[in-house]
2 protein chains.
Amino acid sequence: MLPAMPHPYLGLAHRLADAAGAAIRPYFRSALVPEDKGKGPERYDPVTLADRAAEAAMRAILRQEQPGHAIWGEEEGRTPGGPETWVLDPIDGTRSFICGFPTWGTLIAFNDGSGPTLGILDQPILHERLVGAEGQAWLGDQRLATRPCASLSEAVLFATTPDMFAGAALPAFEDLAERVRLRRFGGDCYAYGMLALGLVDLVVEAALAPWDIQALVPIVEGAGGVVTTWTGERPDDGGRIIAAGDRRLHAEVVRLLEGTA
Amino acid sequence: MLPAMPHPYLGLAHRLADAAGAAIRPYFRSALVPEDKGKGPERYDPVTLADRAAEAAMRAILRQEQPGHAIWGEEEGRTPGGPETWVLDPIDGTRSFICGFPTWGTLIAFNDGSGPTLGILDQPILHERLVGAEGQAWLGDQRLATRPCASLSEAVLFATTPDMFAGAALPAFEDLAERVRLRRFGGDCYAYGMLALGLVDLVVEAALAPWDIQALVPIVEGAGGVVTTWTGERPDDGGRIIAAGDRRLHAEVVRLLEGTA
């Protein structure tokens with residue numbers, strides 16, 4: 001069965017992901033590239049060059065096809081317009097990228113002004129593209145569904161790094177991590193993707209930017225999961241985030257974390 | 001240029017990797033599989049089933065083609081013979097496997113009785129196969145080379161998990177990790193592969209089994225790197241391991257760690 005997602009910007013979002021992937025692929029596992037900016041040679045690492053090239057490629061398409069839409073990208077910041085806004089993170093998981101691991105992704109969200117209604121997580125090396133919209137989530141022609149997980153003691157928990165938790169958030173996270181079946185670091189956006197596939201139960205993070213999370217919201221929600229802040233509110237602004245595949249698990253985690261200063 | 005590695009068992013090692021990959025692929029990202037062993041239904045997770053199926057497939061080929069060789073596998077233990085010994089870990093990185101991340105590998109070493117002279121790290125989902133023998137290492141038709149890294153302060157360090165370090169090894173590792181440019185967890189064998197590709201500088205681990213490390217030795221050495229124990233000795237028995245892409249970095253790490261009780 002093929003995706004039946006009548007979102008008006010689905011085709012455009014796919015073209016953005018295609019362009020970003022084409023821009024990024026030449027840099028993956030490549031050596032350092034020198035760049036001469038006229039003030040003597042400067043050195044840019046491949047991830048910086050790939051980040052910039054991918055965002056520029058997506059912006060060129062949006063300028064052409066939807067010049068009235070706003071753009072909010074990690075590399076170039078905000079371009080006015082809207083209320084429709086494209087929220088872009090060309091490479092989420094730059095440390096994995098640098099180390100040659102293919103577990104990073106290009107994040108593309110369409111926000112209609114009230115929240116993200118369409119999200120893509122694209123892994124252009126593995127040719128894996130997760131799409132969420134209209135209450136559904138897909139990986140190619142596979143409809144995605146999170147798995148049941150009634151309690152923390154059965155949960156597989158991901159966070160990108162313990163270094164993202166500041167102040168009281170670190171002991172709160174560590175207390176949570178003591179209660180789960182398995183805790184893993186290093187997932188970036190890919191961990192949210194595996195949550196949508198039903199292979200991970202919980203992602204708990206902090207210090208996220210809006211472009212780190214907006215594309216993942218329609219994917220996780222479309223697969224049956226829940227994404228909020230630690231206090232149970234809308235996650236669109238980033239910050240401290242809980243993503244859970246099962247509502248019961250989500251409620252248990254909010255109860256544990258919501259009082260964290 | 002194609003690999004010119006006249007190791008007598010290279011073809012056989014490739015056939016073992018082919019068979020293991022075919023056995024494992026159906027289980028990756030699959031749901032739990034019930035198994036009835038006559039004493040009522042027991043549940044096996046996909047990684048256990050995949051581990052067993054892959055080792056059985058490799059053992060069947062070895063029994064047929066080299067019945068005099070010994071086998072030492074993670075799942076079924078030792079089968080007598082030798083001095084030639086095949087040292088097998090069907091899935092190194094079971095936690096990554098369980099979570100749907102493709103950053104695990106099948107490890108196959110041929111040991112002639114004096115040490116591993118041929119190693120394969122195969123990632124059957126990504127169709128990436130690293131081969132080391134005769135002082136060379138290859139990924140497909142790409143000859144591998146580690147990158148220069150003169151000192152710890154420039155190094156990218158991997159370890160599978162902080163939980164592998166017991167007693168004095170944990171503070172020793174933490175002190176080391178404070179001195180590097182970037183520290184990452186969660187690599188398993190894949191981190192050694194990225195070291196051979198010149199994208200990671202250092203892997204420091206503990207509590208490894210022989211089948212966790214023997215296949216990786218010819219790959220890292222063939223790419224120009226060094227693998228020893230924390231005291232600078234041969235790594236074939238596992239335990240506490242240092243793998244470095246640059247000899248200067250390796251010497252610096254041995255100086256820091258060799259006194260650890």
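Residues numbered from 1 in each chain as written. Chains lettered and ligands numbered in written order. Predicted model: local features only at pLDDT ≥ 70, side-chain atom pairs only at ≥ 80, totals over all residues. Heavy atoms only, no water.

Time to look at the interface of chain B and chain A. Buried accessible area, meaning the area lost when the parts come together, often serves as the stated size of an interface. Counting residues at the interface gives 29 residues for chain B and 29 residues for chain A. For the chain B and chain A pair, buried surface summed over both sides reaches about 2300 Å², with 65% attributable to carbon and sulfur atoms. Among the residues chain B hides against chain A, the three largest losses belong to R29, F101 and R184 of chain B. Together they make up 28% of the total. On the surface where chain B and chain A come into contact, there are three salt bridges. One salt bridge connects E128 of chain B with R29 of chain A, and the closest N-O pair in it is separated by 3.0 Å. Counting every contact that joins chain B to chain A gives six residue pairs in polar contact (both at pLDDT 80 or more). Secondary structure elements with two or more residues in the side of chain B that touches chain A: helix 3 (94–98), strand 11 (156–159), strand 12 (182–185) and helix 5 (189–196) of chain B. When residues in the side of chain B that touches chain A are grouped by element, the largest group, four residues, is from strand 12 of chain B. (Contact = heavy atoms within 4.5 Å. Buried area = accessible area lost by both parts, 1.4 Å probe. Salt bridge = Lys/Arg side-chain N within 4 Å of Asp/Glu carboxyl O. Polar contact = N/O pair within 3.5 Å; in protein donor to acceptor, adjacent residues only side chain to side chain. Helix = DSSP H or I, 4+ residues; strand = E, 2+ residues; numbered from the N terminus.)

This next bit is on the environment of E65 of chain B. Residue and element names in this part refer to chain B. When you line up the elements, E65 lands in helix 2 (residues 46–65). On the accessibility criterion, E65 (35% relative accessible area) is partly exposed. Residues E65 and Q142 lie 77 residues apart in sequence; the distance between their C-alpha atoms is 29 Å. For E65, the contacting residues outside a window of four places in its chain are L12 and R15. A polar contact of 2.6 Å, which involves the side chain of E65, links it to the side chain of R15. (Buried < 20%, exposed > 50% of the residue type's maximum accessible area, 1.4 Å probe, protein only.)

A few words now on the packing of aromatic side chains. Evaluated as defined, the whole model comprises 24 aromatic pairs over all chains. A centroid spacing of 5.4 Å and a plane angle of 65 degrees characterise the contact between F28 of chain B and F97 of chain B, whose relative ring orientation is edge-to-face. Within this pair, whereas F28 of chain B is found in the loop between helix 1 (10–24) and strand 1 (33–36), its partner F97 of chain B is found in helix 3, the two being separated by 69 residues in sequence. We classify F28 of chain B as buried; its relative accessible area is 11%. On the basis of relative accessible area, F97 of chain B is assigned to the buried category, the value being 2%. An angle of 40 degrees between the planes, with centres 6.2 Å apart, marks the rings of F173 of chain B and F185 of chain B as tilted. With F173 of chain B in helix 4 (residues 169–178) and F185 of chain B in strand 12, the pair connects residues that are 12 residues apart, well separated along the chain. F185 of chain B shares its class with F173 of chain B; the two are buried. Taken together, the aromatic side chains of F165, F173, F185 and W230 of chain A make up a single cluster linked through ring pairs. One residue, R78 of chain A, lies across the ring of W72 of chain A, its end atom 3.7 Å from the ring centre. Note that R240 of chain A overlies the ring of W230 of chain A, its terminal NZ or CZ placed 5.1 Å from the centroid. (Phe/Tyr/Trp six-rings, centres within 6.5 Å; stacked < 30°, edge-to-face > 60°. Lys NZ or Arg CZ within 6 Å of the ring centre and 35° of its normal.)

So, to be careful, I would describe these as geometric facts and stop short of saying anything about function.
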